[in-house]
Amino acid sequence: MSTSGFSGGGPLGETWVAIDLETTGLDPRGDRIIEVGGVKFRGETELARFSSLVNPRRKLSAFVTSLTGISQAQVDSAPDWRRVAPDLRAFLGGLPVVGHNVGFDMAFLRSHRVFPAGAAFDTMNLAQVTLPSEPSYALARLAEKYAAAHDSPHRALSDALATRDVFLTLLRRLEELDPEALLRLQQMGREHDWPVAVLAGRTVRAIGQSESLGLPLGIDTRKLARRLYAPRFQRAEGDVPDPGEFTAQVEELFEQGGVLEKILPDFEQREVQVVMASAVAKAISAGENLVVEAGTGVGKSIAYLLGAALHATSSGGTVIVSTNTINLQAQLLKKDVPVAEEALALAGMIQEGSLRTSELKGRGNYLCFRRWSHAMQSESASEEETSLLAKCLVWLGETETGDRSELGPGRYGSAFTRLSAQGAARCPQSEGPCFLRRARSLAHSADIVIVNHALLMSDAALGGTLLPPHDALIVDEAHHLVNVATRHLGITVNEEQFKAELERLSGRADRPGPRGLIAELGDALLTASAEVEALSPNPEVTARTTQAAMRAAELSTEFFDVLRYTAETFGAGGQGGKLRITDGLRIRPEWHELLLAWENLDAVLALTAGGLSTLAGRAERAEEPDDAMDAILLNVSAALEVLNGARLAFSQCVSEPEDGMVYWMEQWGKRAVMTLHGAPLEVGPKLRETLFARERPVVLTGATLAQDGSLERFRDLVGLEGGKDLLLGSPFKYREAALIAVPEDMPEPGSRNYASAVSDAIADVALKLRQRTLVLFTSYSAMDTARRSLAKRLSAAGITLLAQRTDGTPHRVMRELAREEAAVALGVNSLWEGVDLEGASLKALIVPRLPFPVPTEPVVEARAELFADGFNEYMVPEAAMRFRQGFGRLIRSSTDRGAFIVLDRRILARGYGARFQRSLPECTVRRTPLSELGEVVAAWNEGRPV
C-alpha cells in the first residue's frame, strides 16, 4: 500500500485491533462462531496476529461451507470456544476494535461472553462518510480498489487484514478533508459519541486545527455556488430541414466506409438499424408519430440519437429522450451520445463539441442545500441521520449534480427525501447553491435532454411544466410506460411513513427529541416579528396546530388499526395480504366503523393543514426571509403536500372513489404495516389527454411491443393515435444461436411432483453444462424452494448458486454471475429484464413456469374484468409479452449461443400455448424427455447435434 500522506500522528499513530468473525449464521442469539481472526497494528506496523478455528458443536450449512471454504472436518477438530476466548480477551486487551460492519462482530462476541473494553469503530460506516460516491462498501470491493491484502475473502484473518488496510486508507482520507469539514464532523456526533466524529476529532488535533475558520456548516457556500453555476445558452434558431434531405443525411452515416465504421471498431452494417434510423429521422422532421419495435441487436439507441442530435442542432430545437432504467440512461449519456456527436462532427454535419446533452430527474433525486443546512443545525438527530448528513457534507465538496444516484449504497429511504427538493414548492431557489436549479438550467440549454419515465409522467400530470420546451419526444423502453403510468398516476399512503410525518410536525411527546416542525415555524416567526411586526404570530395558532397534529397522530393509529381489522375480517390478513376495495365492500356493515374512523381523522387533519397554512402564509410575507426561515418553509411545503395528498387518498379509498380507479389495502411485514393504494384502471386515455395530445412528434420504441405481429394492442394501452408503425426483427440468426428445449414429461405446475421436478431439471442442466445459467421464477416462494433443494447438490459439484434477495440485489446477483463461469442464478421480477451481465453471456436460461400475472392482484383482477374473456384476452397476452421479455435475456450479441428451457408443459398441452410459441423468434426447437434435458443443452452449447 502507498504511504503517501502518512502523518504518523492522530489515529494513524495509535494502536488498534482489527477483528473479523465467521459464524454459522446471522443471529448472535442462536448461531455460533466458527473462526476468529485479528491483527494488532500501529499505522503500517503490524504488532501481532490472532487466528483460530472454533468448534461450534453443530453441523455447518452448505451455504457457510461454500462461502468460507471451512469444512465440517476442520471445525470438528478445532478447539471449543471456552479454550479460545481467554486468549482472545488477552489479545484484545483494552485496545479500540476495528471491524467491517463491526456491530455484527461485537454482538457475537457479547453473546459468547467476550466484552471488549475498547471502543468499536466501523470501517463500513467510515467508508460511507469519507467515500460518499463509492459504488460498493463491501469489504472485498474496497480491498480490491485500495490494494488491501485480501487473499482469502470470508476467512477471518484475511478479512481482518483487509479491514486494517482499508481502515488506514480511510484515516488518510479523513486527513485529506478540508479542516472546516473535519471540525464539523467532530461536532456532529458529540451527543452520542458517534465513532466517525471521534476519529474526526483525533484527526483535527493531529493536524493542529483547533479553531474554526468561520464556516459553521463545514463548507464554503460561495465556492459551492460558483461550482454549480450553469449559464443558460441562447439557442440558435434554424430551419427544420426537408424530411427527404434530412433522412438522406442520416442514412449516409451508416454507409460502408462511412463515419460510424471509422469510429466504431466493431461496427457492422445492419439493414434494420438503417431502416430504423431513417424512419425516426423522417418522423421527427415531418412531425409524425412513430412506433418502432426493434429487436435485440438492432442498435436502436444510435439509430434514434443520430436523427435527434442532427435535428436539434440544425433547427435549434430540443429533443427529450425518456428511458425506464438507470442502466440505459447511463449508457446513453456516457457511450451512445458521444458516439453520435463524434459521427456527426466527423461527417461535417455539426461542429465538434457543439452538441449539448443533459440529464433531468424528479425533485426527490436532488439534494436541497437549504434543507440540508437546516438539518445540520438542528438538534437531536439520530446516529443514522447524522451519518447521512455527514456523508452529504463530504459529498458536497465534490458533487456538481447533487443527484442521489451519485451516493453510494445505503438505506437512506425517507431520510434523503427530507433533505431533497421533493415537495419544496418554493424551490428552486433564485440565490445560493441549488442543484435543482442547475439541472433545470442545463436542460433548458440542451439539445438532447435524457429523463426517466417517472419524470415524464409527472410532467404530463402537471401540464408540461417540468420539462423544457421541446419539439420531439423519444420514449425508449416504451413497454414499461403502462406500468410506470399505473404507479405514477395512482395513489399510495403507507402507515409508517404517514405517522412519521405527523410526528415530525408535532414532535415526540413521549420522549426527548427534536422539536416539531410546527413549533420550529412558530419560533422562527417570533424571531422574525422582532423586525417585522406584521409577521407576529398568534401563539394560540401554533399551540392549536401542534395539538391538532398530535391528535391526528393518535387518530391515525386508530384508523390504521381499524383498517388492519377490516383486512383480516375479509381474509387479507398476514404478510403480503391484499384486499380490493369495491363498491360492494363499502356497503358492508363492517365498513361503517372504518368510515367513522376516517371522518374523525380527516377533521383533525384539516385543522392541522389549515393551521400550518396560516403560519406559513405569515412567514411568506417576509420580504427577505433568512436561510433558516426558508428551510423551515421548504419543510412545511413538503409536509402540506403529504397531508393534502394523504387526505385525498384516504377519501377516495374509503368513501368517495373516482370512476376509472381501482383501490386496495395491503398488509406487510412482521408488524402488519398497512398501505392504501389506488391506480387507474386504464392509462391510455390519460396518456392520450396529457402526454400525446401536444403537437409534436412522438417516437415510441422498445424490443417487445408487438402482439401477434401487430402494434395495435400496444397503441391502445398507451393511448397513442396517428402516425406509422414499424416492426423490425433482430439481425441475430436465432435458429443457429438459440435452442428452445421443452421436456415433454414434465409434471404440470401445481401438481405434487412439480417443484421437485423443477429442481431436478435445473440441477441436471447445471451439472451437465457447468456454465452460466439464469433461472427466472414467477414467485419468491418457488425460487426459495428451488434454492433450498439445489444448495447441497450444486455446492458438492463446485457450482456457485446465487439467489436474488438471499445473495443480494438483482445487480449484485448478475455481477457475481458474470464473475463465475460455473454458476446458477435464481431470480424473480426485475431479473426478467433490464439487468445485464457485464462482459459475459448466458449459456442457459430456464423458465420454470409461464409468467401469468397473479389473478388476485387487484389491478390485474380489475383489468381482466374489462374483457368478456379476461383470461384469454388479457392474462394470456400479458404473460406472452413477459415470456418474450425473458427470452430476450439469452442472446445479446451476434456471437452468443445458448438454450432457452421451458419447464411448463402447458406451452405444448394447452390451446393458449401457441400464443407463447408465436411470441418468440424462429429458433431450433427440441422436445425432449426430462432425463435427457441436461445432455441436450450441453450438446447444443458444444456445437454437437441435438
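Keep in mind the model is a prediction, meaning the values are calculated, not measured.

Engineer: A description of the overall build of the protein chain should follow, citing residues and the corresponding values.
Structural biologist: When its secondary structure is counted, the protein chain shows 38 helices and 23 strands. For 946 residues, the compact-globule formula gives about 30 Å, and the C-alpha radius of gyration of the protein chain, at 30 Å, lands near that figure. C-alpha atoms of the protein chain, sized along the principal axes, occupy 80 × 70 × 70 Å. Looking at the protein chain residue by residue over its 946 residues, the buried ones come to 54%.

Engineer: Report on the sheet that holds strand β13 (residues 661-668), specifying residues and quantitative values.
Structural biologist: Two pairing modes exist for strands in a sheet, parallel and antiparallel, and in both the strands are linked by backbone hydrogen bonds. Read from one edge of the open sheet, four strands run β11-β14-β13-β12, paired in antiparallel fashion. Unpaired on one side and paired on the other, β11 (491-494) and β12 (577-581) mark the two borders of the sheet. Mean inter-strand twist for the sheet, computed between neighbouring axes without regard to direction, equals 15°. Each of β12, β13 and β14 (673-680) is contacted by helix α24 (residues 539-569), which is oriented at about 75° to β14, the strand it contacts most.

Engineer: Before we move on, could you go through the packing of aromatic side chains and cite the residues and values that matter?
Structural biologist: In the structure shown here, the tally under the stated rule is 23 aromatic pairs. Between phenylalanine 732 and tyrosine 734, the ring centres sit 6.2 Å apart and the planes meet at 70°, which makes this aromatic pair edge-to-face. Using a relative accessible area of 12% as the deciding quantity, one classes phenylalanine 732 as buried. One aromatic cluster is present, built from ring pairs that chain together Phe732, Tyr734, Phe852, Phe871, Phe883, Phe887, Phe900, Tyr912 and Phe916. For lysine 40, the ring lying beneath its charged end belongs to phenylalanine 91, and the centroid distance is 4.9 Å. A cation sits over an aromatic face here: arginine 805 above tyrosine 780, 4.0 Å from the ring centre.

Engineer: Can you lay out the packing of helix α13 (residues 271-286) against helix α14 (residues 300-315) for me, pointing to particular residues and giving the numbers?
Structural biologist: Geometry of a packed helix pair, given as the angle between the helix axes and the separation of the axes. For the pair α13 and α14, the least separation of the axes is 8 Å and the interaxial angle reads 30°. For the element pair α13 and α14, the recorded crossing hand is right-handed. Here α13 contributes Gln273, Met276, Ala277, Val280 and Ile284 to the contact with α14, which in turn contributes Lys300, Ile302, Ala303, Tyr304, Gly307, Ala308 and His311. Partitioned by chemical class, the residues of the contact of α13 with α14 number eight nonpolar, three polar and one charged.

Engineer: Can you lay out the confidence of the model for the protein chain for me, pointing to particular residues and giving the numbers?
Structural biologist: The predicted model of the protein chain averages 89 in pLDDT, with 93% of residues at 70 or higher. For residues 1-7, every residue scores under 50 in pLDDT, and the model assigns this stretch 17 contacts once sequence neighbours within four places are set aside.

Engineer: Give me the pattern of salt bridges: which residues, what numbers.
Structural biologist: Within the structure shown, the criterion is met by 47 salt bridges. Taken together, the shared-partner salt bridges in this structure form one network comprising Glu46, Arg49, Arg164 and Asp165.

Engineer: I'd love a proper account of the packing of helix α16 (residues 369-377) against helix α17 (residues 383-395), names of residues and values included.
Structural biologist: One way to put it is that α16 packs onto α17 with a least axis distance of 11 Å and a crossing angle of 125°. It follows that α16 is oblique to α17 by the angle criterion. Judged by the twist between their axes, the crossing of α16 over α17 is left-handed. Along the contact surface, α16 presents Trp372, Ala375 and Met376, while α17 presents Leu389, Cys392 and Leu393.

Engineer: Explain the environment of arginine 371 to me, using residue names and the numbers behind them.
Structural biologist: Note on placement: arginine 371 falls in helix α16. Using a relative accessible area of 2% as the deciding quantity, one classes arginine 371 as buried. Through-space distance from the C-alpha of arginine 371 to that of asparagine 55 is 52 Å; in sequence the pair is 316 residues apart. From its side chain, arginine 371 meets the backbone oxygen of serine 420 in a polar contact 2.6 Å long.

Engineer: Any chance you could break down unusual backbone geometry for me, citing the residues and the numbers?
Structural biologist: A negative phi holds for most residues other than glycine; trans holds for most peptide bonds. Within the chain, arginine 57 stands out as a residue other than glycine whose phi angle is a positive 60°. As for its placement among the helices and strands, arginine 57 is situated in the loop between β3 (45-53) and α1 (62-68).

Engineer: How would you explain the sheet that holds strand β18 (residues 773-776) if you had to name every residue and give the values?
Structural biologist: A sheet is described by the order of its strands in space; here seven strands give the open sequence β19-β20-β18-β21-β22-β17-β23, paired in parallel fashion. The sheet is open, and its two edges are formed by β19 (800-803) and β23 (924-928), each paired on a single side. Put simply, the sheet's adjacent strands are angled 20° from each other on average, direction ignored. By the bridge criterion, five bridges tie strand β17 (residues 738-743) to β23 in an arrangement that is parallel. Following the sheet pairing, valine 742 is matched in β23 by arginine 927.

Engineer: Residues and numbers for the pairing of strand β22 (residues 898-902), please.
Structural biologist: Two faces, one strand: in a regular strand the side chains alternate between the faces of the sheet. For β22, the tally of buried residues reaches five of five residues, placing the bulk of the element in the interior. Residues Gly898, Phe900 and Val902 of β22 are buried on one face, and the alternating residues Ala899 and Ile901, pointing to the opposite face, are buried as well. For β17 and β22, the ladder comprises four bridges, and the chain directions are parallel. Bridge pairing in β22 places leucine 739 opposite alanine 899. Sheet topology note: the strand β21 (residues 844-847)/β22 ladder contains four bridges and is parallel. Looking at β22, one finds that valine 847 is bridged to valine 902.

Engineer: Quick one: what's the story with the pairing of strand β1 (residues 15-23), residue by residue and with numbers?
Structural biologist: With nine of its nine residues buried, β1 lies for the most part within the structure. Burial along β1 is two-sided: the residues Thr15, Val17, Ile19, Leu21 and Thr23 and Trp16, Ala18, Asp20 and Glu22 are all buried. Relative to strand β2 (residues 33-42), β1 runs antiparallel, the two being bridged by nine bridges. By the bridge assignment, isoleucine 19 is partnered in β2 with glycine 38. Of the pairings in the sheet, the one linking β1 to strand β4 (residues 97-99) comprises two bridges and is parallel in character. Across the sheet, residue valine 17 finds its bridge partner in β4, namely valine 97.

Engineer: Could you give an account of the nonpolar core, naming the residues involved and the relevant values?
Structural biologist: Buried together is how nonpolar side chains tend to be arranged in soluble globular proteins. Ranked by internal contacts, the top residues of the largest apolar core, which has 98 residues, are Trp372 and Leu700. Counting residues per element, this core draws most heavily on helix α7 (residues 156-176), at ten residues. The residues touching leucine 700, leaving out its near neighbours within four places in the chain, are Leu290, Val291, Val292, Val475, Ala478, Leu481, Phe692, Leu705, Phe714, Val718 and Leu720. Residues Ile581, Leu612, Phe650 and Tyr663 belong to the second largest nonpolar core, which totals 52 residues.

Engineer: Kindly report on the side chain of threonine 68, identifying the contributing residues and their values.
Structural biologist: Relative to the assigned elements, threonine 68 resides in helix α1. With relative accessibility at 7%, the residue threonine 68 sits in the buried group. Among the polar contacts listed, one links the side chain of threonine 68 to the backbone oxygen of valine 64, at a separation of 2.8 Å. A distance of 3.1 Å separates a polar atom in the side chain of threonine 68 from the backbone nitrogen of isoleucine 70. In this view, threonine 68 contacts Glu22, His154 and Arg155; residues no more than four positions away in its chain are not counted.

Parameters and conventions
Residues numbered from 1 in each chain as written. Predicted model: local features only at pLDDT ≥ 70, side-chain atom pairs only at ≥ 80, totals over all residues. Heavy atoms only, no water. Helix = DSSP H or I, 4+ residues; strand = E, 2+ residues; numbered from the N terminus. Rg over C-alpha atoms; globule rule 2.2 N^0.38 Å. Buried < 20%, exposed > 50% of the residue type's maximum accessible area, 1.4 Å probe, protein only. Pairing = 2+ DSSP bridges. Axes fitted to C-alpha atoms, helices over the stretch in contact; angles between N-to-C directions. Contact = heavy atoms within 4.5 Å. Phe/Tyr/Trp six-rings, centres within 6.5 Å; stacked < 30°, edge-to-face > 60°. Lys NZ or Arg CZ within 6 Å of the ring centre and 35° of its normal. Left-handed = near helix turned anticlockwise from the far one by under 90°. Nonpolar A, V, L, I, M, F, W, Y, C, P; charged D, E, K, R; others polar. pLDDT = per-residue confidence, 0-100. Salt bridge = Lys/Arg side-chain N within 4 Å of Asp/Glu carboxyl O. Parallel < 35°, antiparallel > 145°, perpendicular 65-115°, else oblique. Polar contact = N/O pair within 3.5 Å; in protein donor to acceptor, adjacent residues only side chain to side chain. Core = buried A, V, L, I, M, F, W, Y, C linked by side-chain atoms within 4.5 Å.

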